[in-house]
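Chain by chain, the residues run as shown.
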Amino acid sequence: MAQFGIKHLVSGGIITNYFCTSKCRHCLYNCGPHWEKKYMALETAEDHLRTVRFMGCASVHIGGGEPLLRPDSLAEILAVAGNAGVSIEYVETNSSWFKDVESAARVLSMLRKKGLKTLLVSISPFHNEHIPFFKVQGVMDACRKARIKVFPWINGFIKDLSQLDVHRTNSMAVFEERFGQDYLFRILQRYWIHMGGRALDTFRPVLPNRSFQEIINENPGGCERELSDTSHFHMDLFGNYIPGLCSGLSISTKDLGQPLSEKGYPVITTLFKSGIKGLFDLARQNFEYTPARSKYVNKCDLCTEIRTVMVTKTIGGLSELGPREFYPI
Ligand code: SF4
Ligand code: SF4
C-alpha cells in the first residue's frame, strides 16, 4: 500500500479562528466561546495561501469559528489572498456581531474593498439556538447595502425561523414543539451535516446505533478515501492541515507534499492503513482503551472517542491529535 501524503489540493478553506460566540450542536470543529481568543496571524495566512496555490488550488473560503469577530484581521487576510493569487469564494458568518444595518454595512463595505465578494450567512435551527434571526436578516440587508452577494446556508430554514420569535433565540425544544417531535431527526433530510464533532452527541440519540464490534466488523479497511480527500480540506491558524472532514486530526502544513512518517504520525498513518480496527488495536495495546459506550453512530464516533482517550492519557499530547480544545476533556 502507498504511504499516506497530501500531494494535491482541490478545494478547501482557511480557519482563521476557532473561538465563536455560539456553541452549535452540529459544529464539526467543536468551536465555541471556550477556545482561546486567537486569530490567524498574517504570516500564517500568507504561508497557507502560498501552499494552497503551489498545490494546485486557486480559490478557498474563509471560515471559523466566527471570522467576523475580528474584521480588521479578516480584512488583512483578504488583502493577502489577493496578492497571493488565491481568490476567496466566500467568508462564512453566523451574524452574531450584528448591531444595526448601518454599522454592519460599514464593516462589509470595508471588507468588500479588501476583496470580499460573497458572504455565506448561516441559517439553521442550531444557529438560532444562540443567535436571534433578526440579526441574520440584518446582515443580509447590510450585504445588499454594501453590494456583497449573500450565500444563504440554507434558505430552506427561513420559513421555520420566520414563524418563531425572530427577536429571541429558540431552543430545539421550541422547534420540536412547533414543528413536531421528530424535528431534529428530519433536519438530516434538509441540511448537509457531517457526522463528526458535536453532531455525534446531538444525533446519537435519534440515529440507529451499533456496538463497537459491529462497527469494526462493518469497516474492515483503511480510511484512505476519507483522509486523502482534498475536495473540502481546511488549514487553520495553528499551522495545521485537517485531512478530509476528520476534525481533531492535524497534519503540519510543513509536511504537505511528502509521505507522512509513521513515527511522526502514528495515529493518522494507522487510520490510513488499517482504519478503525487498526486504531482500536493501537489504543488497546498502548492506552488500555476499552469502549466507554455500548453504542456508536459510525466509525468516526468510535474514532473520536478513542482519540479523546489517547489525548487524555498522553503527557504532552500527540501533535497529530489537535487542536487540544477540540477534545472535550
Ligand atoms: S457551527 Fe459555526 S457558528 Fe456554530 S459553533 Fe461552529 S463555528 Fe460557531
Ligand atoms: S474513522 Fe477517523 S480517520 Fe476514519 S474517516 Fe472517521 S474520523 Fe476520519
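Residues numbered from 1 in each chain as written. Chains lettered and ligands numbered in written order. Predicted model: local features only at pLDDT ≥ 70, side-chain atom pairs only at ≥ 80, totals over all residues.

Q: I'm lost on the site of ligand 1 in this one. Help?
A: Around ligand 1, the surrounding shell holds 13 residues, and the nearest of these are Cys20, Cys24, Cys27, Cys31 and Asn94. Among the residues forming the shell around ligand 1, the class breakdown is four nonpolar, seven polar and two charged. (Near = placed C-beta within 6 Å. Nonpolar A, V, L, I, M, F, W, Y, C, P; charged D, E, K, R; others polar.)

Q: Sorry, what's going on with the site of ligand 2 here?
A: Taken together, Cys223, Glu226, Leu227, Cys246, Leu271, Ile276, Lys299, Cys300 and Cys303 make up the full set of residues near ligand 2. Sorting the residues of the shell around ligand 2 by element identifies helix 11 (224–228), helix 12 (266–287) and helix 13 (299–313) as the ones contributing at least two each. For the shell around ligand 2, the element with the most residues is helix 13, which contributes three residues. Class assignment of the residues belonging to the shell around ligand 2 gives a composition of seven nonpolar, no polar and two charged. (Helix = DSSP H or I, 4+ residues; strand = E, 2+ residues; numbered from the N terminus.)

Q: Explanation requested: the environment of Gly32 in the structure shown.
A: On the secondary structure map, Gly32 appears in the loop between strand 1 (12–15) and helix 1 (42–54). Setting aside residues no more than four positions away along its own chain, Gly32 makes contact with Cys20, Ser22 and Lys23. (Contact = placed C-beta atoms within 7 Å.)

Q: Sorry, what's going on with helix 2 (residues 71–84) here?
A: Three- or four-residue spacings in an α-helix give side chains the same orientation, since the helix completes a turn every 3.6 residues. For helix 2, with 14 residues, the first-to-last C-alpha span of 20 Å sits near the 20 Å given by 1.5 Å per residue. In this structure, the buried residues of helix 2 make contact with helix 1, strand 2 (59–63), strand 3 (87–93) and helix 3 (101–114). (Expected span 1.5 Å × (residues − 1).)

Q: Can you help me understand the domain arrangement of the protein chain in this one?
A: Domain parsing of the protein chain yields domain 1 (12–192) and domain 2 (213–326). Computed from C-alpha coordinates alone, the two centres of domain 1 and domain 2 are separated by 27 Å. Counting residues at the interface gives 20 residues for domain 1, matched by 16 residues for domain 2. Among the secondary structure elements, those contributing two or more residues to the side of domain 1 that touches domain 2 are strand 1 and helix 1. (Domains from an automatic or database assignment.)

Q: Sorry if this is basic, but what is going on with the packing of helix 2 against helix 3 here?
A: How two helices pack is summed up by the angle between their axes together with the distance between the axes. Between helix 2 and helix 3, whose axes approach to 8 Å, the crossing angle comes to 20 degrees. In this view, helix 2 runs roughly parallel relative to helix 3, as classed from their interaxial angle. Handedness of the helix 2/helix 3 crossing: right-handed. For the pair formed by helix 2 and helix 3, the contact residues are Pro71, Leu74, Ala75, Leu78 and Ala79 on the first element and Val107, Met110, Leu111 and Lys114 on the second. Classifying every residue of the contact of helix 2 with helix 3 by side-chain character gives eight nonpolar, no polar and one charged. (Axes fitted to C-alpha atoms, helices over the stretch in contact; angles between N-to-C directions. Parallel < 35°, antiparallel > 145°, perpendicular 65-115°, else oblique. Left-handed = near helix turned anticlockwise from the far one by under 90°.)

Q: Just checking my understanding: could you explain the pairing of strand 3 for this structure?
A: Across a regular strand the side chains alternate sides, sitting on one face of the sheet and then on the other. For strand 3, the tally of buried residues reaches five of seven residues, placing the bulk of the element in the interior. Note: strand 2 against strand 3, three bridges, orientation parallel. Note that in strand 3 the partner of Ser59 across the bridge is Ser87. Handedness of the crossover joining strand 2 and strand 3 through helix 2: right-handed. Between the parallel pair strand 3 and strand 4 (residues 118–122), the chain is carried across by helix 3, and the sense of this crossover is right-handed. (Buried ≥ 20, exposed ≤ 12 C-beta atoms within 10 Å, placed from the backbone. Pairing = 2+ DSSP bridges. Right-handed = clockwise from strand over helix to strand, strands pointing away.)

Q: What is the right way to look at helix 5 (residues 133–146) in this model?
A: For helix 5, spanning 14 residues, the distance from its first C-alpha to its last is 20 Å, which sits close to the expected 20 Å at 1.5 Å a residue. Where helix 5 is concerned, the buried positions are Phe133, Val136, Val139, Met140, Ala142, Cys143 and Ala146. Of the surrounding secondary structure, the elements contacted by the buried residues of helix 5 are strand 3, helix 3, strand 4, helix 4 (125–128), strand 5 (149–153) and helix 6 (158–163). Remark: Arg147 follows helix 5 within two positions and exhibits a positive phi of approximately 60 degrees.

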